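Each chain, letter by letter, is given below.
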Amino acid sequence: MKKLNCPQCKINRFRVKNDRDEYVVVTVSADYEIFPLHPGVSLEGYNLDVLYCLGCSWKGSAKSLTTKH
């Protein structure tokens with residue numbers, strides 16, 4: 001699966017948060033599907049509209065990600 005990257009630092013690991021500020025680490029496929037990094041983890045209740053990059057201070061939507069390395 002081809003993964004999308006942060007437009008700022010170019011890594012492909014992000015986190016999403018829920019209302020209690022808990023987070024799950026995710027990746028995003030080339031067709032903008034968001035997947036948890038670890039199988040079996042549910043994304044139910046998490047805000048998938050805002051991604052937080054694990055490598056820098058960038059945050060934004062999946063549509064802002066890039067395929068460039």
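Residues numbered from 1 in each chain as written. Predicted model: local features only at pLDDT ≥ 70, side-chain atom pairs only at ≥ 80, totals over all residues. Heavy atoms only, no water.

### Focus: the environment of Pro-7
How we decide: Strands here mean DSSP runs of E at least two residues long; helices mean DSSP runs of H or I at least four residues long; both are numbered from the N terminus. Burial classification: accessible surface area is computed with a 1.4 Å probe over protein chains only, and a residue below 20% of its type maximum counts as buried, one above 50% as exposed, and the rest as partly exposed. In what follows, a contact means two residues having at least one pair of non-hydrogen atoms within 4.5 Å.
As for its placement among the helices and strands, Pro-7 is situated in the segment before strand 1 (14-17). The class for Pro-7 is partly exposed, based on a relative accessible area of 31%. For the pair formed by Pro-7 and Thr-67, sequence separation is 60 residues and the distance between their alpha carbons is 8.7 Å. Once residues within four sequence positions are removed from consideration, Pro-7 is found in contact with Trp-58, Ser-64, Leu-65 and Thr-66.

### Quick notes on the sheet that holds strand 2 (residues 23-28)
This is how it is decided: Criterion used throughout: strands pair if DSSP finds at least two bridges between them.
Taken in spatial order, the five strands of this open sheet run 3-2-1-4-5, and their pairing is antiparallel. Because the sheet does not close on itself, it has two edges, and the strands there are strand 3 (34-36) and strand 5 (59-60). Judged from the four bridges that link them, strand 1 and strand 2 form a sheet pairing that is antiparallel. Bridge pairing links Lys-17 to Tyr-23 in strand 2.

### Looking at the packing of aromatic side chains
The relative placement of two aromatic rings is captured by the distance of their centres and the angle of their planes. Filter applied, for reference: Each Phe, Tyr or Trp ring (for Trp, its six-membered ring) is paired with any other whose centre lies within 6.5 Å, and the angle between the two planes then decides the class: stacked below 30 degrees, edge-to-face above 60, tilted in between. Note on criteria: charge over ring means Lys NZ or Arg CZ within 6 Å of the ring centre, with the direction from the centre no more than 35 degrees off the ring normal.
As enumerated under the stated definition, the model contains one aromatic pair in all. Between the NZ or CZ atom of Arg-15 and the centre of the ring of Tyr-23, over which it lies, the distance is 4.9 Å. Positioned over the ring face of Tyr-52 is Lys-17, at 4.8 Å from the centre of the ring.

### Some thoughts on the pattern of salt bridges
Just so we agree on the cut-off: The salt bridge criterion pairs a side-chain nitrogen of Lys or Arg with a carboxyl oxygen of Asp or Glu, the two atoms within 4 Å.
Per the counting criterion, the structure on display carries one salt bridge. Taking the shortest distance from any N to any O, the salt bridge between Arg-20 and Glu-22 comes out at 3.0 Å. Under the relative-accessibility criterion, Arg-20 is labelled exposed at 63%.

### Things to note about the pairing of strand 2
Between the antiparallel neighbours strand 1 and strand 2 lie five residues, among them Asp-21 with a positive phi of about 60°. Pairing analysis gives three bridges linking strand 2 to strand 3, with the strands arranged antiparallel. Residue pairing across strands places Val-28 opposite Ile-34, the latter belonging to strand 3. In this structure, the hairpin formed by strand 2 and strand 3 is closed by a connection of five residues, where Tyr-32 is found at a positive phi of approximately 70°.

It is worth stressing that arrangement in space is one thing and function is another; only the former is reported here.
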